[in-house]
Amino acid sequence: MTSLTPPAFTGTLLTPGSPTYDEARRVWNGAVDRHPAFIARCTSAADVAAALAFARRHDLAVAVRGGGHSIPGWSVVDGGLVIELSGMLRVTVDPVARTAVVEPGVTWGGFDAAAQEHGLATPGGEISHTGVAGLTLGGGIGWLTRLHGLACDNLLAVELVTADGNVLRVDDATDPELMWGLRGGGGNFGVVTAFTFRLHPVGPVHGGTVFFPAELAPRALRLYRDLGAEAPRELSLVAVQATAPPAPFVPEELRSRPVVGLSAAWLGDPALADQVLAPLRTALGTPALDLLGPLPYCVLQKSADASVPWGMRSHLKSDLLHELDDEALDALAEVAAHRTHPQSHVLVRRLGGAMADVDAEATAFAHRQAAHMTTIVGAWSAGDDPAAEATWARQTWATTRRLACGTYVNHLEMEGAQRVREAYPPATFSRLRLLKARLDPGNVFRHNQNIPPAA
């Protein structure tokens, strides 16, 4: 342990006896309770290199934590070393070049706020307390995806620490193959200590959700599908099956009741917003709750935070899908209604647009022609048996499984090697294995959705 000290390491090393150890080992998914031997709170790429050398020397398993939002809790490892990056929080925006350099501890909430000071943004996730690092390296799907692509499509350059401690500054000119792999291949190739992103002008948007009684779910899902099939890329749509919160803004007859919602974000001409969003307000009759309207982009990005709070215990199932037929929509509506926990929910997001403009071979994220993405979250409270809601999540996921064209690596639980392979077509997976063999032949970075190095 004495080798992980200044000048090689200038951060903070935590062990099970440290006062802040328990706080530092906690991650977003409250069902994860792991106890690393060491937590190395890094402040620089040099700190990361020193921590990796320490892990190699003592044969420690390595986990990398940016935002701590990994669904299966890859951010923490029992008995090993956590490279903890949450203190690396700098965001440097160049409003003239429309670029930003972002450190790996930054969340999307922090990045969005910094970029929006200049009226700019880049595609991020749907939850503001998600980390920029993990989401980007796995692809990055969110409200801006149909208009500006994935987060990884807007990644221009990185600073990366390799398994052997080298610090690389990489872009498409210096190492195009590594950039290809970083755009969707996850954290398999090193620890990224700085991301450079392209930014886009994004002003106030027209968005929000209209809610209806749950019995309208089959019709609402059809409206989502049919409207999305013809929608311009400036319109993002998500269908929601959830439980209305017991909040003052919710009509009393809906509070704590099952509902179906249609969430939208219109990023085009504000003068056209009412016309574009009108079907959401009229096709199924008057909504029981109408939350559509103009709002700042940062508010849109935080609009779903309350549905997945920090510490939530959950099991998630997800797929990328071809076009949905009526049979699938009816089955999804029926089985989704059997959830029992108020935080369990089902989302179906419309994809396409700019995401589909990119050639499937251009990035490691290759499932470019997917039409939809399901996100099915089974939740439970502390002390409860998770089996019922986890089983419900798997049964709901099965209703659309026949239409799957792949899966989203950021939405995988610990589901085994075959499910990881579903995130990548065979040729992409083979190419990733060759890149892994070059960058990390010893598979140091294996506490993740792992790409094993080619022999």
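Look above for the structure.
Throughout what follows, the structure given in this document is the object of discussion. Since the structure is predicted, the reported quantities are computational estimates derived from the model, not experimental observations. (Residues numbered from 1 in each chain as written. Predicted model: local features only at pLDDT ≥ 70, side-chain atom pairs only at ≥ 80, totals over all residues. Heavy atoms only, no water.)

Per the secondary structure count, the protein chain includes 14 helices and 20 strands. The C-alpha atoms of the protein chain give 22 Å as radius of gyration, which agrees with the globular expectation for 455 residues (23 Å, within 12%). Along the first, second and third principal axes, the C-alpha atoms of the protein chain reach 65 × 50 × 40 Å. Expressed as a percentage of the 455 residues in the protein chain, the buried residues total 58%. (Helix = DSSP H or I, 4+ residues; strand = E, 2+ residues; numbered from the N terminus. Rg over C-alpha atoms; globule rule 2.2 N^0.38 Å. Buried < 20%, exposed > 50% of the residue type's maximum accessible area, 1.4 Å probe, protein only.)

This part takes up the sheet that holds strand S1 (residues 12–14). Strand order in this open sheet of four strands is S1-S2-S4-S3, and the pairing throughout is mixed. Strand pairing shows two members of the sheet lacking a second neighbour, S1 and strand S3 (62–65), which therefore form its edges. Averaged over all neighbouring strand pairs, the angle between strand axes comes to 20°, with direction disregarded. The pairing of strand S2 (residues 38–41) with strand S4 (residues 81–84) spans four bridges and is classified as parallel. Opposite alanine 40, over in S4, you have isoleucine 83 as the bridge partner. (Pairing = 2+ DSSP bridges. Axes fitted to C-alpha atoms, helices over the stretch in contact; angles between N-to-C directions.)

Time to look at the layout of surface pockets. Where empty space is left in the structure can be found by rolling a water-sized probe over the atoms. There is about 150 Å³ of room inside the second largest pocket. Every residue lining the second largest pocket is listed: Arg25, Arg26, Val27, Asn29, Gly30, Val32, Asp33, Arg34, Val76, Trp310 and Gly311. Classifying every residue of the lining of the second largest pocket by side-chain character gives four nonpolar, three polar and four charged. (1 Å grid on protein atoms, 1.4 Å probe; cavity = no way out; pocket = protein on both sides within 12 Å on 5 of 7 lines; lining within 4 Å. Points joined across faces, edges and corners; volume = space filled by probe spheres on them. Nonpolar A, V, L, I, M, F, W, Y, C, P; charged D, E, K, R; others polar.)

So, about helix H2 (residues 45–57). Here H2 spans 18 Å end to end across 13 residues, near enough to the 18 Å set by a 1.5 Å rise per residue. Looking at H2, one finds that the buried residues are Ala45, Asp47, Val48, Ala49, Ala50, Ala51, Leu52, Ala53, Phe54 and Ala55. Taken from the residues just after H2, aspartate 59 is the one with a positive phi, measuring 50°. (Expected span 1.5 Å × (residues − 1).)

So, on to the environment of alanine 354. By the secondary structure assignment, alanine 354 is in helix H11 (residues 354–357). Of the residues examined, alanine 354 reaches a relative accessible area of 10% and is grouped as buried.

Read from one edge of the open sheet, five strands run S5-S6-S10-S8-S9, paired in antiparallel fashion. If you trace the sheet from one side to the other, it starts and ends with strand S5 (91–94) and strand S9 (167–171), each paired once. With strand direction ignored, the average angle separating the axes of adjacent strands in the sheet is 15°. Pairing analysis gives six bridges linking strand S8 (residues 155–161) to strand S10 (residues 191–198), with the strands arranged antiparallel. Within S10, the residue paired with valine 158 across the bridge is phenylalanine 195. On top of the sheet, helix H3 (residues 108–116) reaches S5, strand S6 (99–102) and S10; it is set at about 30° to S5, its chief contact. (Contact = heavy atoms within 4.5 Å.)

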